Amino acid sequence: MKKLLGILMLFCFIFIAKGELYAKQAKDFTLPTIGGDKISLSSLKGKKVLLDFLATWCPPCRQELKDISEIVSSYKGGNYEILCISVDNLITTVSSFWKQNNYKMTALFDDKNIANEYGVQAIPTLFLVDESGEIVWEQVGSASKSKLIEILELK
């Protein structure tokens with residue numbers, strides 16, 4: 001009986017420790033928008049925030065941006081925010097790309113410091129930050145429109 005109890009306690013410990021690895025506090029940041037304002041992640045607490053690290057020259061990023069644009073147009077007023085964080089070399093590149101495609105979602109410019117802090121090694125990389133500021137989902141590589149709608153709970 002003691003052995004069984006010990007095994008159960010071990011499984012509980014592993015389960016709790018593993019859960020802590022997946023729910024971690026998102027690192028706060030403040031980045032400039034392509035319009036010259038600044039946005040900090042902490043200012044969005046209370047909302048779900050999708051962080052999409054991308055580059056304008058990346059084909060999967062471009063397709064994902066089209067899907068995100070459709071989501072932003074279709075699901076207005078939800079308790080979510082999508083921050084497209086570009087790691088391009090020049091903010092002017094991002095700005096002209098956004099204007100050319102008439103995107104309405106928020107574009108931030110990262111000098112790669114925030115991407116490094118989040119451990120981004122490939123683009124696109126996405127993180128979902130919940131209302132309390134914890135990262136509850138992440139994905140390397142593009143996500144489908146239906147997956148984005150699902151994780152943002154917009155159905």
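A few points on the structure. As a convention, each chain's residues are numbered from 1 in the sequence order in which they are written. In view of the model being predicted, local features appear only for residues whose pLDDT reaches at least 70, and side-chain atom pairs are presented and counted only at 80 or more, with totals across whole chains, interfaces and linings using the full set of residues. Values shown for side chains rest on all heavy atoms present in the structure; no hydrogens or waters enter the calculation.

1. As for the sheet that holds strand β8 (residues 134–140)
Selection rule: Pairing between two strands requires that DSSP report at least two bridges joining them. Going along the chain from the N terminus, every DSSP run of H or I of four or more residues is numbered as a helix, and every run of E of two or more is numbered as a strand. By the convention used here, residues are in contact when the closest approach between their heavy atoms is within 4.5 Å. To obtain each axis, a line is fitted to C-alpha atoms, and for helices this fit is confined to the stretch in contact; angles are then taken between N-to-C directions over 0 to 180 degrees.
Read across the open sheet, the 6 strands follow the order β1-β8-β7-β4-β5-β6; overall the sheet is mixed. At either margin of the open sheet sits one strand with a lone partner, and together these are β1 (24–25) and β6 (106–109). Where strand β7 (residues 125–129) meets β8, 5 bridges bridge the pair, whose relative direction is antiparallel. Within β8, the position partnered with V129 by the bridge is I135. Here helix α2 (residues 59–74) sits on the sheet in contact with β4 (48–54), β5 (80–86) and β7, set at roughly 155 degrees to β5. Its contacts with the sheet put helix α3 (residues 91–101) on β5 and β6, and the angle it makes with β6 is roughly 165 degrees.

2. Describing the side chain of S40
Tracing the backbone shows S40 in strand β3 (residues 38–40). In this structure, S40 is in contact with D28, F29 and T30, ignoring residues within four places of it in sequence.

3. Focus: the packing of aromatic side chains
A ring pair, where both rings are aromatic, is described by two values, the distance of the centres and the angle of the planes. Put simply, the test is: For Phe, Tyr and Trp, rings pair up if their centres lie within 6.5 Å, where Trp contributes its six-membered ring, and each pair is then called stacked (planes under 30 degrees apart), edge-to-face (over 60) or tilted (otherwise).
All chains considered together, the criterion is met by 7 aromatic pairs. Through a chain of ring-to-ring contacts, three or more aromatic side chains come together here, namely F29, F53, Y118 and F127.

4. Remarks on the pattern of salt bridges
Which entries qualify depends on this criterion: Here, a salt bridge means any side-chain nitrogen of Lys or Arg that lies within 4 Å of a carboxyl oxygen of Asp or Glu. For each residue, the accessible area found with a 1.4 Å probe, counting protein chains only, is set against the maximum for its type, and the residue is called buried under 20%, exposed over 50%, and partly exposed in between.
Across all of its chains, the model carries 4 salt bridges by this definition. Residue E153 is joined to K48 by a salt bridge in which the shortest nitrogen-to-oxygen separation is 2.5 Å. Highlighted residues: E153 in the segment after α5 (145–151) and K48 in strand β4, separated in sequence by 105 residues. What makes E153 exposed here is its relative accessible area of 60%. Between K147 and E150 there is a salt bridge, with its nearest N and O atoms 3.5 Å apart. Placement of both K147 and E150 in helix α5 is noted, with a separation of 3 residues, approximately one turn of the helix.

5. Structural notes on the pairing of β5
Quick note on the threshold: Here the term right-handed applies to a crossover when the path leading from its first strand over the helix to its second strand runs clockwise, the strands being oriented away from the viewer.
Counting buried residues along β5, 6 of its 7 residues qualify, which places the element largely inside the surrounding structure. By the bridge criterion, 7 bridges tie β4 to β5 in an arrangement that is parallel. What sits directly across from F53, in β5, is I85. Handedness of the crossover joining β4 and β5 through α2: right-handed. Summarising the sheet, β5 and β6 pair through 4 bridges and their orientation is parallel. Bridge pairing in β6 links I85 to L108. Assessed by its sense of winding, the connection that carries the chain from β5 through α3 to β6 is right-handed.

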